[in-house]
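What follows is each chain in one-letter form.
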Amino acid sequence: MSQKRIHEDQKYIEGLKQNNSFVIQSIYEKFAPKVINYIKQNSGDEDKAKDVIQETIMTIYNQAHEKNLKLTCPFDAYFFLLCKRKWLNYLKKSDITGVTINEELLSDGDDALELAFETTLNEQQHELFEDMFQELGQACKDLLKATFKIKSMEEVAESIGVTYAYARKKKSLCIGQLTKMVQASPKYQHLKP
Amino acid sequence: MQEKDFILFDDYLSGSLDAESIQAFENRLKADADFNLAFNDYQQAEAFLEHKFKNEEQNQRFKENLERISSGYFKKEVSGKAKVRRINPWYYSVAAGVILLFGVVIAQQFSSPAYDDFANYGTISLTVRGSENDLQNNAEKAFNNKDYKDAEKYLTQLLQKDQGNLELQLYKAVSLVELNNYEEADVLYQNVIQSPSVYSNKAKWYLALSKLKQKEKSESITVLKSIPEDADDFESAQKLLKKLE
């Protein structure tokens, strides 16, 4: 993946990363109509399309930060695939009977498919981390929050009244515990490509 | 994995191992698949936490901005659709006549394009949760209400605290153009244009509009020609260019 050339549409990813209103606006103007159309033709409506698009942009934003997302295909194809997947998943989950899904053949190229697949996995992984974090003990939650907010471990140690060495050790053990919980989750197995 | 493994991960990542231990660690990564997987997941957990907490306020701001733009977009979509009504065929001939008449009038007007036809700066959003709320709020409100005198004043105050902020510089330049203070505006535009930022192309388009307002046709053309094809305003720029040339 790292060998591939970065597509010029990477500017959309950078724009989202920086919360640039111009970029967000132009994503809506250029790419939303196709998604709205698709959802409307497949048992949805405008409100649903609004949610799907918003969630998809949020996903891309998170991955731009967490995974340093690099676009190797046109944004259009990537964005549409992600929205489409999200919508089909929603239909599956909500168990709407009598749904006819117009699955068209994809001609977006392998790069887009591959990247969209990877993004979907990463999104599920993000959700799994989120769920497991909530399961951690309060002491670990507090320490991790302080660690990543304050940055300097000396200050963290001081703020919770422990020694520097203890705070550091505890931090790695808490992350370790989170790692273990994630790995033990039944969902974890589905997250490996 | 055991506790000591996680402590080892942290030592490795924070660079507190000596050369020999680093070598041993990396060898183990190659030889022990479980260890490798755990280390990988440990790093992902760290990236997740970093984004979640370090960027907490930034993430919240993004969410709010996204919500605002999304609602604005869909409102437009809905109201655009609502206007579609069935028209009595008889009206078409009347409409055609009216359009023809308008066409003549517009064609005359557009022979020299007016600044007001192209200057559409939209609305801006600066509001951030936190202490500077008031000033940002005021600047945003003034700008969006087209009260450029106040907008310029507030943006200047904001820039005093955050000199390098290109987004603020861009909005201030727009306000200055509206106040006919071109010289100062052009300096700001040039500054933004020269930055490797996402605002660079926007600034080119606005600078071209500023030149248009100053009736400096050839300068406007030069700037318009420098707007690349992938810029958001490329089409508008081409439209204006056609009318100017």
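Note that this is a predicted model, so its numbers are computed, not measured.

S.K.: Account for the overall build of chain A, naming residues and giving values.
M.R.: Across its full length, chain A holds eight helices and zero strands. Counting helices and strands in the order they occur from the N terminus, chain A gives α-α-α-α-α-α-α-α. Relative to its 193 residues, chain A shows a buried fraction of 50%. Just so you have it, chain A exposes about 9900 Å², and 50% of that area is on carbon and sulfur atoms.

S.K.: Residues and numbers for a nonpolar patch on the surface, please.
M.R.: On the surface, B:Val94, B:Val98 and B:Phe102 cluster together into a nonpolar patch covering about 260 Å² of accessible area. Positionally, B:Val98 belongs in helix 5 (residues 89-109).

S.K.: Any details on the packing of helix 11 (residues 200-213) of chain B against helix 13 (residues 234-244) of chain B? Residues and values, ideally.
M.R.: Residue and element names in this part refer to chain B. Running from N to C, helix 11 and helix 13 cross one another at 25 degrees; their axes reach a closest spacing of 11 Å. It follows from the interaxial angle that helix 11 and helix 13 lie roughly parallel. Where helix 11 crosses over helix 13, the two elements pack in a sense that is left-handed. Of helix 13, the residues touching helix 11 (which contributes Trp 205, Leu 209 and Leu 212) are Ser 236, Ala 237, Leu 240 and Leu 244. Classifying every residue of the contact of helix 11 with helix 13 by side-chain character gives six nonpolar, one polar and no charged.

S.K.: Describe the layout of surface pockets, naming the residues involved and giving the relevant values.
M.R.: For the largest pocket, the calculated volume is near 1000 Å³. In this structure, the largest pocket is lined by 32 residues; those nearest its centre are A:Gln25, A:Glu29, B:Asn120, B:Lys202 and B:Asp233. Those elements that place two or more of their residues in the lining of the largest pocket are helix 2 (21-41) of chain A together with helix 4 (56-82), helix 6 (115-118), helix 11 and helix 13 of chain B. For the lining of the largest pocket, the leading source of residues is helix 2 of chain A, giving six residues. Class assignment for the residues of the lining of the largest pocket results in 12 nonpolar, nine polar and 11 charged.

S.K.: Provide a residue-level description of the interface of chain A and chain B, including the pertinent values.
M.R.: Facing the 55 residues of chain A at the interface are 51 residues of chain B. Regarding the contact of chain A and chain B, the summed buried area is about 5000 Å², with carbon and sulfur atoms giving 60% of it. B:Asp10 is the partner of A:Lys171 in a salt bridge, and the nearest nitrogen-oxygen pair spans 3.5 Å. One can count 22 residue pairs in polar contact (both at pLDDT 80 or more) joining chain A with chain B. Elements that contribute at least two residues to the side of chain A that touches chain B include exactly helix 1 (10-17), helix 2, helix 3 (46-66), helix 5 (110-135), helix 6 (138-150) and helix 8 (164-184) of chain A.

S.K.: Give a detailed account of helix 7 (residues 153-160) of chain A, specifying residues and quantitative values.
M.R.: Residues and elements named next belong to chain A. All of the buried residues in helix 7 are Met 153, Val 156 and Ala 157. The buried residues of helix 7 occupy an angular sector of 100 degrees when the element is viewed end-on, so they sit on one face. The inward-facing, buried residues of helix 7 abut helix 6 and helix 8. Following helix 7 by one or two positions, Gly 161 has its phi on the positive side, about 70 degrees.

S.K.: Which residues make up the nonpolar core, and what values go with them?
M.R.: Core analysis: the biggest nonpolar cluster contains 47 residues, and B:Tyr189, B:Trp205, B:Tyr206, B:Leu209 and B:Leu224 have the highest contact counts within it. Considering every element that reaches this core, the biggest residue donor is helix 9 (residues 166-178) of chain B, with eight residues. Look past the residues within four positions of B:Tyr206 in its chain and what remains in contact with it is A:Phe22, B:Tyr121, B:Leu170, B:Val174 and B:Tyr189. Core analysis: the next-biggest nonpolar cluster, separate from the first, contains 43 residues, A:Ile27, A:Leu91, A:Ala112 and A:Ala116 among them.

S.K.: Lay out the pattern of salt bridges in plain terms, naming residues and giving numbers.
M.R.: Overall, the coordinates contain 24 salt bridges over all chains when judged by the stated rule. In this structure, A:Lys40 engages A:Glu46 in a salt bridge whose closest nitrogen and oxygen atoms are separated by 3.3 Å. The class of A:Lys40 is partly exposed, set by a relative accessible area of 39%. The residue B:Asp186 makes a salt bridge to B:Lys211 at a minimum N-O spacing of 2.8 Å. One end of the pair, B:Asp186, is in helix 10 (residues 182-194); the other, B:Lys211, is in helix 11, and 25 residues separate them in sequence. Among the charged side chains, a salt-bridge network with shared partners connects A:Arg168, A:Lys171, B:Asp10, B:Asp11 and B:Glu46.

What counts, and where the lines are drawn
- Residues numbered from 1 in each chain as written.
- Chains lettered and ligands numbered in written order.
- Predicted model: local features only at pLDDT ≥ 70, side-chain atom pairs only at ≥ 80, totals over all residues.
- Heavy atoms only, no water.
- Helix = DSSP H or I, 4+ residues; strand = E, 2+ residues; numbered from the N terminus.
- Buried < 20%, exposed > 50% of the residue type's maximum accessible area, 1.4 Å probe, protein only.
- Areas by Shrake-Rupley, 256 points an atom, 1.4 Å probe, with all protein chains shown as cover.
- Patch = residues over 30% accessible without salt bridge, like charges linked within 9 Å, V, L, I, M, F, W, Y side chains within 5 Å.
- Salt bridge = Lys/Arg side-chain N within 4 Å of Asp/Glu carboxyl O.
- Axes fitted to C-alpha atoms, helices over the stretch in contact; angles between N-to-C directions.
- Parallel < 35°, antiparallel > 145°, perpendicular 65-115°, else oblique.
- Left-handed = near helix turned anticlockwise from the far one by under 90°.
- Contact = heavy atoms within 4.5 Å.
- Nonpolar A, V, L, I, M, F, W, Y, C, P; charged D, E, K, R; others polar.
- 1 Å grid on protein atoms, 1.4 Å probe; cavity = no way out; pocket = protein on both sides within 12 Å on 5 of 7 lines; lining within 4 Å.
- Points joined across faces, edges and corners; volume = space filled by probe spheres on them.
- Buried area = accessible area lost by both parts, 1.4 Å probe.
- Polar contact = N/O pair within 3.5 Å; in protein donor to acceptor, adjacent residues only side chain to side chain.
- Arc of directions from axis to C-beta.
- Core = buried A, V, L, I, M, F, W, Y, C linked by side-chain atoms within 4.5 Å.

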